[in-house]
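# Coordinates in review
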Amino acid sequence: MKTTLITVTGLLFGTAALADGHTPVLTVYAPDYFGSEWGPGPSIEAAFEERCECDLQYQTGDLLPRLLLEGARTEADVAIGFNSDITKQARDSGMFAPHGLDLSPLTLPIDWNDDTFLPFNYGHTAFIYDNTKLDGFDSFEALLNAPDDVRIVIQDPRSSISGLALVLWVQAVYGDEAEAAWLRLAPKIVTVTQGWSESYGLFTDGEADVVLSYTTSPAYHIIAEDDLTKSAAIFEEGHYFMVELAAKLATTDQPDLADEFMAFILTEEFQTMIPTTNWSFPAALPVEQWPEGFQDLPMPETVFFYDENEAAALRDTAIEAWRSALSQ
């Protein structure tokens, strides 16, 4: 925060924000889902405030566009909710500082040595279906060959990280034939939503048979609703790997609190909250400590992962293949 404070003596005292004149404020920018009442934000806020003697305040919305617009004027001390498909643009902005943390606690299935962007959870994109109504799909080809009356909802890759992950996934599987694959899928796509929440709501309301989501999505239905009817279609071609990330702003006026929060991300307390609040795999927690319902989820045998340079290089091509096919 950049609010200027004046002491009772009238002297300029400092620029660090204080929630009530005494309690320091840590401002964390996050996507809407993260700070919502059903997201991980409230639990993480309560747990961190117990140890920091501070006031953690979220500001939610479009994460990277807002930060790039605000530049050095941003009020953010920490930003959480990036993924590696967009970190090149974030890194090139020069707005973020090294986290300085030991990354040995990470339990990601890939090597991660980034000194700026810190993983807090991961997952794989997948299509989710109701197993009482459909037999499922064991490959991308099976989905493309499904009858055109199978109703699929996906997210817009220009506004959604899951939508962007899908077009990169199609690009990874089909390469130069990506547009042809989209042409085969297009008759079954009934809606393209701006974000994941709208798509998943249409699916749970029965307005769609299949929704683009994550391999971990069935865990929510199993654990929170005792519902075993939702399954992730595991494709033999492989699935797109996504890791979500946090970073400290270089302009923070709460550097110690920001460092404390970044370190908190790797703690067992933070990581154990992730599976049943963000419904993703924790980035620094052994499988044995995952909650029941997560340990038995089917996992893809083949995983596609683009680093930030590869994702940035393919982004426009992958989106254009999608846009061109769906506009016909």
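Residues numbered from 1 in each chain as written. Predicted model: local features only at pLDDT ≥ 70, side-chain atom pairs only at ≥ 80, totals over all residues. Heavy atoms only, no water.

## Side note on the domain arrangement of the protein
Put simply, the rule is: As annotated, the domain borders come from an automatic or database domain assignment. By the convention used here, residues are in contact when the closest approach between their heavy atoms is within 4.5 Å. A quick way to say it: buried area is the sum, across both parts, of accessible area lost when two parts are put together, with a 1.4 Å probe. The working definition used for a salt bridge is a side-chain nitrogen of Lys or Arg within 4 Å of a carboxyl oxygen of Asp or Glu. In the analysis that follows, any N or O atom pair within 3.5 Å is treated as a polar contact, provided that within protein one partner can donate a hydrogen and the other can accept it, and provided that, for residues neighboring in sequence, both atoms belong to side chains. The helix count covers DSSP runs of H or I at least four residues long, the strand count covers runs of E at least two residues long, and both are numbered beginning at the N terminus. Side-chain classes are defined by residue name, with Ala, Val, Leu, Ile, Met, Phe, Trp, Tyr, Cys and Pro counting as nonpolar, Asp, Glu, Lys and Arg as charged, and the others, Gly among them, as polar.
For the protein, the assigned domains are domain 1 (25-121 + 243-296) and domain 2 (124-241 + 304-327). Here the C-alpha centre of domain 2 lies 25 Å away from the C-alpha centre of domain 1. Taken together, the contact between domain 1 and domain 2 spans 19 residues of the former and 20 residues of the latter. Summed over the three residues of domain 1 that lose the most area to domain 2, namely Asp85, Lys88 and Trp279, the buried surface amounts to 39% of that side. Linking domain 1 with domain 2 are one salt bridge, by the criterion used here. Glu308 is the salt-bridge partner of Arg91, the closest N and O atoms lying 2.7 Å from each other. Put simply, domain 1 and domain 2 have four residue pairs in polar contact (both at pLDDT 80 or more) between them. Mapped onto the side of domain 1 that touches domain 2, the elements with two or more residues apiece are α4 (87-92) and β12 (239-249). The biggest single contributor to the side of domain 1 that touches domain 2 is α4, with three residues. Considering only residue class, the side of domain 1 that touches domain 2 consists of eight nonpolar, six polar and five charged.

## Description of unusual backbone geometry
Which entries qualify depends on this criterion: Three exposure classes are used, based on accessible area relative to the maximum for each residue type with a 1.4 Å probe and protein chains only: buried under 20%, partly exposed in between, and exposed over 50%.
Backbone geometry places Asp226, a non-glycine residue, at a positive phi of 55 degrees. Assignment of secondary structure puts Asp226 in the loop between α9 (217-225) and β11 (230-233). Judged by its relative accessible area of 65%, Asp226 is exposed. With a phi angle near 50 degrees, Trp279 is a residue other than glycine that sits in the positive phi range. Position of Trp279 relative to the elements: it lies in the loop between α11 (268-273) and β13 (281-282). A residue is classified by how much of its surface remains accessible, and Trp279, at 18% relative accessible area, is buried.

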